[in-house]
Amino acid sequence: MKLFDIIDKQRWLKMQDGFSKALGVCICTVDLQGKPLSGADNADAFCLDIFDKVHKNGKSLYEGCIPELINRIKKDKTDNYYLCPFGLYLYGIPIEIGQKTTLAYVILGPALLGKQKKLSELKKIAKENSILVDDLIYKLAGLKSFTFNGIESAVELLHEVAHHLVQLSHDIKNLKKKFNVPGTLDDLIKGLYSSVYFDELLNVLLDTSLHTTKGNTGSIMLLDVDKDELSVRFSRGLKDDIAKEARVKIGEGISGVVARNRKPLLIDGDMGDPEIKNQLKRPSIKSSIVYPLKIRNRLFGVMNINDTESSPRLNSESLNIIGSLTNLTEVALSMFAKPATPDFYNNI
């Protein structure tokens, strides 16, 4: 079984390109031996101009680093990164059907983690790899730098999204084949499965956001266009009655203000906006991130991530991470959205 026997190649490449642009890092798909199944979207010239030519083992990226990374993942799925001779990170994400069948790997990188290296360290790396330090510095300047939490959260979400998308496509194909579904029912079947896909992805987004930021409670509220209000669809750490009864009009409450302005909000002890201060009604929450959820620039909901510890843990880094995760989720949701009916998500 091969990846593109299950999912349309152009659809996959479109998603890959969207993920790459959302993260600002090169992404490609390879087979089980590490050979490319697709081009690297948003590809920086680093590996092609320098790495492939002067790899100290005399091997190209697809002959050296990626196969080695895949072999590590096969032995231990938690060992999902490779540190190259230039101090850059490659991450590997297995694309699976069920629990045992791996179809391909998504490779993310090269990426910088943490602060830029000192000049003395760069000179050493350049000397070991027989290149000019100025060339190395120039190439590194074109790569995006991530925090450890930032890259780990992106990889976690990409893994879940890719798995759900491939599994969904596999299930649709099997259903149509088993029951000999006529073409006239294709849209109905895809619509039913899209509802499941939508729910799964938003649950993954909420769980990944809480796990990465170490938030205590959280929720995703969806917009009812007709009533012009938000209601809780998914929640973690909230009492059932609160989650069930919560309703917020657009422009009212913090979630309503964020929905109205279409801009994310970080709430902590230094919050100075009087409009926001007047909306704070839960003193147990020490810090919060409230993020608008959009698809094709249309609002469909708001996500709330809260921290109830004595000292605020949610900060600007947390906000950036949530931004990357919501961008990735928007790309994934777009895979099944119908351009002519953007309110599809509002009425599920």
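Whatever comes next refers back to the structure up there.
### Some thoughts on the pattern of salt bridges
Alright, step 1. For the structure shown, the criterion picks out seven salt bridges.
Alright, step 2. The partner of Lys77 in a salt bridge is Glu96, and the shortest N-O contact between them spans 2.5 Å. Residue Lys77 is found in the loop between α4 (65-75) and β2 (81-83), and its partner Glu96 is found in strand β3 (residues 89-97); the two are separated by 19 residues along the sequence.
Alright, step 3. Of the charged contacts in the structure, one is a salt bridge between Lys249 and Glu229, with a shortest N-O distance of 4.0 Å.

### Here's the deal with the sheet that holds strand β9 (residues 265-267)
Alright, step 1. Strand order in this open sheet of six strands is β8-β7-β6-β11-β10-β9, and the pairing throughout is antiparallel. Every interior strand has two partners, whereas the edge strands, β8 (247-249) and β9, have only one. Strand-to-strand, the axes of this sheet are offset by a mean angle of 25°, without reference to chain direction.
Alright, step 2. Bridge analysis of β9 against strand β10 (residues 287-295) gives three bridges, and the strand direction is antiparallel.

### Points about the state of the cysteines
Alright, step 1. Under the definition given, this model contains zero disulfides.
Alright, step 2. Free of any disulfide, Cys28 has its nearest neighbouring cysteine sulfur in Cys26, separated by 5.6 Å.
Alright, step 3. Cys84 forms no disulfide, and the closest cysteine sulfur to it belongs to Cys65, at a distance of 5.8 Å.

### Here's the deal with the packing of aromatic side chains
Alright, step 1. Under the criterion given, the structure shown has three aromatic pairs.
Alright, step 2. Their ring planes at 45° and their centres at 5.7 Å tell us that Tyr81 and Tyr89 sit as a pair that is tilted.
Alright, step 3. Relative accessible area serves as the criterion here: at 33%, Tyr81 is assigned to the partly exposed category.
Alright, step 4. Ring-pair connections join several aromatic residues into one group, and the members of that group are Tyr81, Tyr89 and Tyr91.
Alright, step 5. The cationic tip of Arg72 hangs over the ring face of Tyr81; the distance from NZ or CZ to the ring centre is 5.7 Å.

### Overview of the packing of helix α5 (residues 119-128) against helix α6 (residues 133-140)
Alright, step 1. As a packed pair, α5 and α6 sit with axes 9 Å apart at the nearest point and diverge in direction by 110°. Classed by the angle they form, the pair α5 and α6 counts as roughly perpendicular. Between α5 and α6 lies a crossing whose hand is right-handed. Along its contact with α5, which presents Leu119, Leu122, Lys123, Ile125 and Ala126, the element α6 presents Val133, Leu136, Ile137 and Leu140.
Alright, step 2. When its residues are assigned to classes, the contact of α5 with α6 shows eight nonpolar, no polar and one charged.

### Concerning the environment of Val166
Alright, step 1. Looking at the secondary structure, you find Val166 in helix α7 (residues 148-179).
Alright, step 2. Residue class for Val166 comes out buried when judged on its relative accessible area of 0%.
Alright, step 3. Between the C-alpha atoms of Val166 and Ile97, which are 69 residues apart in sequence, the distance is 7.1 Å.
Alright, step 4. Among residues more than four places away in sequence, those in contact with Val166 are Leu3, Ile6, Trp12, Ile95, Glu96, Ile97 and Leu103.

### Quick look at helix α12 (residues 316-334)
Residues lying three or four places apart along an α-helix face the same way, a consequence of the helix completing one turn every 3.6 residues.
Alright, step 1. Under the 1.5 Å per step criterion, the end-to-end length of α12 is 27 Å for 19 residues, consistent within 8% with the ideal 27 Å.
Alright, step 2. The N-capping residue of α12, defined by a side-chain oxygen 3.1 Å from the backbone nitrogen of Glu317, is Asn315.

### Digging into the packing of helix α2 (residues 9-23) against α12
Between two packed helices, what matters for the description is the angle formed by their axes and the separation of those axes.
Alright, step 1. The N-to-C vectors of α2 and α12 enclose an angle of 160°; their axes lie 9 Å apart at closest approach. By the angle between their axes, α2 is roughly antiparallel relative to α12. Judged by the twist between their axes, the crossing of α2 over α12 is right-handed. Residues Met15, Gly18, Phe19, Ala22 and Leu23 of α2 lie in contact with α12, whose contacting residues are Ser324, Asn327, Leu328, Val331 and Ala332.

Calculation notes
Residues numbered from 1 in each chain as written. Predicted model: local features only at pLDDT ≥ 70, side-chain atom pairs only at ≥ 80, totals over all residues. Heavy atoms only, no water. Salt bridge = Lys/Arg side-chain N within 4 Å of Asp/Glu carboxyl O. Helix = DSSP H or I, 4+ residues; strand = E, 2+ residues; numbered from the N terminus. Pairing = 2+ DSSP bridges. Axes fitted to C-alpha atoms, helices over the stretch in contact; angles between N-to-C directions. Disulfide = S-S within 2.5 Å. Phe/Tyr/Trp six-rings, centres within 6.5 Å; stacked < 30°, edge-to-face > 60°. Buried < 20%, exposed > 50% of the residue type's maximum accessible area, 1.4 Å probe, protein only. Lys NZ or Arg CZ within 6 Å of the ring centre and 35° of its normal. Parallel < 35°, antiparallel > 145°, perpendicular 65-115°, else oblique. Left-handed = near helix turned anticlockwise from the far one by under 90°. Contact = heavy atoms within 4.5 Å. Nonpolar A, V, L, I, M, F, W, Y, C, P; charged D, E, K, R; others polar. Expected span 1.5 Å × (residues − 1). Polar contact = N/O pair within 3.5 Å; in protein donor to acceptor, adjacent residues only side chain to side chain.

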